[in-house]
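Summary of structural features
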Amino acid sequence: MDDRRPACPGSLPERIVVGVDEAGRGPLAGPVVAAAVVLCRPRPGGLDDSKKLTRAARARLDEQIRRRCHWALGVVEAEEIDRINIFAATMRAMTLAVAGLCDQLGRDPHEVLIDGNLTPEGRQPDWRWPARAIVGGDAIEPCISAASIIAKEHRDAVMRDHALRHPHYGWERNAGYGTPEHLAALREYGPSPLHRRSFAPVAQLALF
């Protein structure tokens with residue numbers, strides 16, 4: 001699935017460059033989320049790798065990016081992650097995000113910049129855009145920084161919502177990652193429907 005909201009149509013640059021990043025490859029529960037962003041003029045100030053920002057700064061930038069830039073999200077849930085594996089799910093989420101953004105813009109970008117060392121090109125049949133992987137791109141390419149921020153903010157919000165229905169695991173604090181608190185709850189209560197059964201800590205506990 002993809003989750004996208006209408007972006008405020010700011011002033012687009014002549015050359016359309018999309019930044020892409022994901023959140024949630026490592027957790028034991030919940031979806032993997034990718035974001036695709038085109039920065040408009042004027043772009044938000046203070047963009048950086050979402051992991052380096054304070055929660056308050058990330059929330060402020062998330063609001064600015066959503067209001068002033070063009071963006072879309074791609075979301076792949078735990079059930080599909082288990083079916084196709086986390087790498088393929090991440091590539092799928094990126095493809096959904098870029099496709100959603102192209103639908104908004106009514107055109108394809110000149111280039112897609114992706115955080116990491118691999119792209120969905122040749123790995124996802126629906127991928128059709130020129131792409132370049134940049135290791136550490138979320139800290140050096142502002143459009144990727146923006147994508148990292150809204151992907152993380154969206155996923156954290158999703159996990160807080162899930163925590164209301166599954167309160168044992170502390171997802172509002174750990175976002176589904178394998179913290180001691182989360183692992184202790186898994187041992188006591190077993191996996192929830194949102195846990196990734198293909199991930200070793202969950203698979204091992206599910207046997208019992």
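Structure: see above.
Described in the following lines is the structure provided in the data block.

Procedures and definitions
- In every chain, residue numbers begin from 1 and rise along the written sequence.
- This being a predicted model, a pLDDT of at least 70 is required before a residue's local features are given, and a value of 80 or more before pairs of side-chain atoms are given or counted; all residues contribute to the totals for chains, interfaces and linings.
- For side-chain calculations, the full set of non-hydrogen atoms in the structure is used, while hydrogens and water are omitted.
- Burial status follows relative accessibility: with a 1.4 Å probe on protein chains alone, a residue under 20% of its type maximum counts as buried, one over 50% as exposed, and anything between as partly exposed.
- The secondary structure listing takes helices from DSSP runs of H or I that are at least 4 residues long and strands from runs of E that are at least 2 residues long, numbered from the N terminus.
- When DSSP finds two or more bridges between two strands, those strands count as paired.
- Arc definition: it is the arc formed by the directions from the helix axis to the C-beta atoms.
- Nonpolar core, defined: a set of buried Ala, Val, Leu, Ile, Met, Phe, Trp, Tyr and Cys residues in which side-chain atoms within 4.5 Å join the residues together.
- The contact criterion used is simple: two residues touch if any of their non-hydrogen atoms lie within 4.5 Å.
- Polar contact is the term for a pair of N or O atoms within 3.5 Å; when the atoms are in protein, one must be able to donate a hydrogen and the other to accept it, and sequence-neighboring residues count only if both atoms are side-chain atoms.
- Salt bridge, as applied in this entry: a Lys or Arg side-chain nitrogen positioned within 4 Å of an Asp or Glu carboxyl oxygen.

1. Comments concerning the pairing of strand β3 (residues 32-38)
Burial analysis of β3 places seven of its seven residues in the buried class, which makes it a mostly covered element. Across the two faces of β3 the burial is the same, with V32, A34, A36 and V38 and V33, A35 and V37 all buried. As paired elements, strand β2 (residues 17-23) and β3 share five bridges and run antiparallel to each other. Looking at β3, one finds that D21 is bridged to A35. Summarising the sheet, β3 and strand β4 (residues 70-76) pair through seven bridges and their orientation is antiparallel. Residue pairing across strands places V37 opposite W71, the latter belonging to β4.

2. Let's talk about helix α7 (residues 180-189)
Among the residues making up α7, those that are buried are H182, A185 and L186. Viewed end-on, α7 has its buried residues packed into an arc of 105 degrees, placing them on one side of the element. When the buried face of α7 is taken as reference, the exposed residues oriented beyond 90 degrees from it are P180, R187 and E188.

3. Some remarks on the pairing of β2
The element β2 is largely enclosed, with a buried count of six among its seven residues. Sheet topology note: the β2/strand β5 (residues 111-115) ladder contains four bridges and is parallel. Pairing of V20 across the sheet is with I114, part of β5.

4. Regarding the nonpolar core
Counting 36 residues, the largest nonpolar core has V20, V98 and V112 as its most contacted members. Mapped by element, the contributors of at least two residues to this core are β2, β3, β4, α3 (86-105), β5, α5 (142-165) and α7. Here the element with the most residues in this core is α3; it accounts for 11 residues. If we ignore the near neighbours within four places in the chain, the residues touching V112 are V18, V20, V98, W127, W129, P130, A131 and R132. Counting 24 residues, the second largest nonpolar core, distinct from the first, contains V17, L39, I65 and C69.

5. Some remarks on the side chain of D138
Within the secondary structure, D138 is located in helix α4 (residues 137-140). Within the structure, D138 has its side chain in polar contact with the side chain of K51 (distance 3.3 Å). Non-local contacts of D138, meaning those with residues more than four positions away in its chain, are made with D21, D48, D49, K51, D115, I144, S145 and S148.

6. With respect to the pattern of salt bridges
Evaluation of the coordinates by the stated rule reveals 13 salt bridges. Between E111 and R132 there is a salt bridge, with its nearest N and O atoms 3.0 Å apart. One end of the pair, E111, is in strand β5; the other, R132, is in strand β6 (residues 131-134), and 21 residues separate them in sequence. Classification of E111 as buried rests on a relative accessible area of 15%. Its relative accessible area of 38% is what places R132 among the partly exposed residues. Counted as one network, the salt bridges with shared partners bring together R15, E111 and R132.

Keep in mind these values describe shape, not function.
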